[in-house]
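# Fold and contact review
The residues making up each chain are set out below.
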Amino acid sequence: MSRIAYVNGRYRPHRDAAVHIEDRGYQFADGVYEVCEVRDGHLVDEPRHMARLNRSLSELDIRSPMPAGALSFVLRETARRNRVHDGLVYVQVTRGVAPRDHAFPGGEVAPAVVVTAKPINRQIGEANAETGFKVVTVPDNRWDRVDIKSVSLLPNVMAKQAAKLKGANEAWYVDADGFVTEGSSTNAWIVDGEGRLITRSAEHGILRGITRAVVFDLARRDGLEIVERAFTVDEAKQAREAFVTAASTVVMPVVQIDETPIGNGAPGSIATELREKFHTMVHLGTN
Ligand code: PMP
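Keep in mind that this is a model prediction, so the values were computed, not measured.

### Quick look at the pairing of strand β1 (residues 4-7)
Residue alternation in β1 divides its side chains into two sets, Ile4 and Tyr6 and Ala5 and Val7, and both sets are buried. When β1 meets strand β2 (residues 10-13), the two strands line up antiparallel, connected through four bridges. When the sheet's bridge partners are listed, Tyr6 is paired in β2 with Tyr11. Here β1 folds back onto β2 in antiparallel fashion, the turn holding two residues, of which Asn8 has a positive phi close to 45°. Where β1 and strand β6 (residues 112-119) come together, two bridges link them in antiparallel fashion. By the bridge assignment, Tyr6 is partnered in β6 with Val115.

### Remarks on the site of the ligand
In the vicinity of the ligand there are 16 residues, among which Arg52, Lys149, Glu182, Ile210 and Thr211 approach most closely. Between the ligand and Thr211 there is a distance of 2.6 Å, counted from an oxygen atom to a side-chain nitrogen or oxygen. Ala247 is positioned such that a nitrogen or oxygen atom in its backbone is 2.8 Å from an oxygen atom of the ligand. Here the ligand has 390 Å² of accessible area as a free molecule, and 94% of this is covered by the chains. Contributing elements (two or more residues each) for the shell around the ligand: β9 (180-183), α6 (210-222) and β13 (241-246). Residues of the shell around the ligand, tallied by class, amount to five nonpolar, eight polar and three charged.

About the cut-offs
- Residues numbered from 1 in each chain as written.
- Predicted model: local features only at pLDDT ≥ 70, side-chain atom pairs only at ≥ 80, totals over all residues.
- Heavy atoms only, no water.
- Buried < 20%, exposed > 50% of the residue type's maximum accessible area, 1.4 Å probe, protein only.
- Helix = DSSP H or I, 4+ residues; strand = E, 2+ residues; numbered from the N terminus.
- Pairing = 2+ DSSP bridges.
- Near = heavy atom within 4 Å.
- Polar contact = N/O pair within 3.5 Å; in protein donor to acceptor, adjacent residues only side chain to side chain.
- Areas by Shrake-Rupley, 256 points an atom, 1.4 Å probe, with all protein chains shown as cover.
- Nonpolar A, V, L, I, M, F, W, Y, C, P; charged D, E, K, R; others polar.

What is shown is where atoms sit, not what they do.
Rendered as structure tokens:
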């Protein structure tokens, strides 16, 4: 089946879908994005993803490309046209197409929008969760507005590649004081000896993950304690469990950090249980 992409008002065959060479996303990484899980044909937690998209846009003074209802329709329609039952929808909004100049173009320049959707094989995700992720640590070399989901992802690309070259699945960023901030595309968590979930506060240095927020809701419902504080790499290596969260991985156990196995080197029971319960807590759209 041929794939379809939405590009600036049109649904195009994926192989021909293109943006202009002077799109500011291409020239300056001057844009933002969201990734939303599709599960059983429904967008998972769309309202929270759209709220974060709007916040990212407003922090960068990029105007909203279209009314919320229209964008919501485009996301669903792109998923539908690609027959995505389980997968991911990606939406990117840039400041638009204008002659190259660092300063913003005039207000008449419309933001540019791209939406794509792709299926993912649920069995592969579950198989990964049974094995668990290996993580390497890298210095956090990003700017300090990582709360904005910007398409400027070069440090994230470099970190993920460093992980891949070492046979790992994810890289955890470490700040100048030795504390873990987050993963290159995930939020980072550990579980201490008392079964408390520990994750860095979203006040500074991380993206406020939607999956992270759902784990907070799950923990509240199931009586698990969450402590929002920074933890060091050494503390993580001695933790009972570790895991990462993201729309693309849901809750994914971490079994190794650098060369150190976590716990008994197998996925932890709390992470595994959170993964199993995750979709009982999420908001599923009605498409
Ligand atoms: N941190 C970073 C740097 C990310 O790119 C992502 C994935 N978007 C996350 C955390 C997890 O966020 P979410 O749960 O909203 O996917």
